[in-house]
Amino acid sequence: MDGPGSTTPPGGFEVVITDRRWRAHVPNAVLRVGRALAASGCCASVALTDDRVVKKLNFRDRGKYKPTNVLTYERPPEILLAFGVVAREAKRERKSVANHLTHLIVHGALHLRGYDHHHPGEAREMEAEEARILARLRVPNPWKNR
């Protein structure tokens, strides 16, 4: 059974939205999440939450006392996004919150599939895969104008 603010769309993953700004800025957020996960070959639960929640988890699990745009957990497979960070990044990068959400879901899904970006070669490989998946989703390449 789904809790308040959660949705289980076809595909078996759960999307929990705890920050109402997600719905205001991305009315089709659940659909975008589902498409991004499917295109990435990943099944994970997703929490669209706020900076406060992500900041606490980032400190607890990574020792960094600040919010980040996306956190991923392998067991159980989960992807969490912080609205404030995502919205600020989207504005700074002149992209829609919706497209940035899609990119970060793909990014998190690739982490769950074993991709990483700690070294330049890994980063290039991960970015190229993100760009390929985003092209299939008709989302502009976020790495094109860097």
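Residues numbered from 1 in each chain as written. Predicted model: local features only at pLDDT ≥ 70, side-chain atom pairs only at ≥ 80, totals over all residues. Heavy atoms only, no water.

(A) Inspection of the layout of surface pockets at higher detail. Estimated volume of the largest pocket: approximately 1,000 Å³. Residue lining of the largest pocket: 41 residues in total, with Asn-69, Val-70, Leu-104, His-107 and His-117 positioned closest to the centre. For the lining of the largest pocket, the elements supplying multiple residues, two or more each, are helix 3 (51–62), strand 4 (70–73), helix 5 (97–112) and helix 6 (120–136). When residues in the lining of the largest pocket are grouped by element, the largest group, seven residues, is from helix 5. Among the residues making up the lining of the largest pocket, the classes are represented as 14 nonpolar, 13 polar and 14 charged. (1 Å grid on protein atoms, 1.4 Å probe; cavity = no way out; pocket = protein on both sides within 12 Å on 5 of 7 lines; lining within 4 Å. Points joined across faces, edges and corners; volume = space filled by probe spheres on them. Helix = DSSP H or I, 4+ residues; strand = E, 2+ residues; numbered from the N terminus. Nonpolar A, V, L, I, M, F, W, Y, C, P; charged D, E, K, R; others polar.)

(B) Fine view of the packing of aromatic side chains. The tally for this structure, following the rule as stated, stands at two aromatic pairs. Relative to Phe-83, the ring of Trp-22 has its centre 5.1 Å away and its plane inclined at 85°; by these criteria the two rings are edge-to-face. Of this pair, Trp-22 sits in helix 1 (residues 21–25) while Phe-83 is found in helix 4 (residues 83–92), placing the two residues 61 residues apart along the sequence. Note on Trp-22: relative accessible area 0%, which makes it buried. (Phe/Tyr/Trp six-rings, centres within 6.5 Å; stacked < 30°, edge-to-face > 60°. Buried < 20%, exposed > 50% of the residue type's maximum accessible area, 1.4 Å probe, protein only.)

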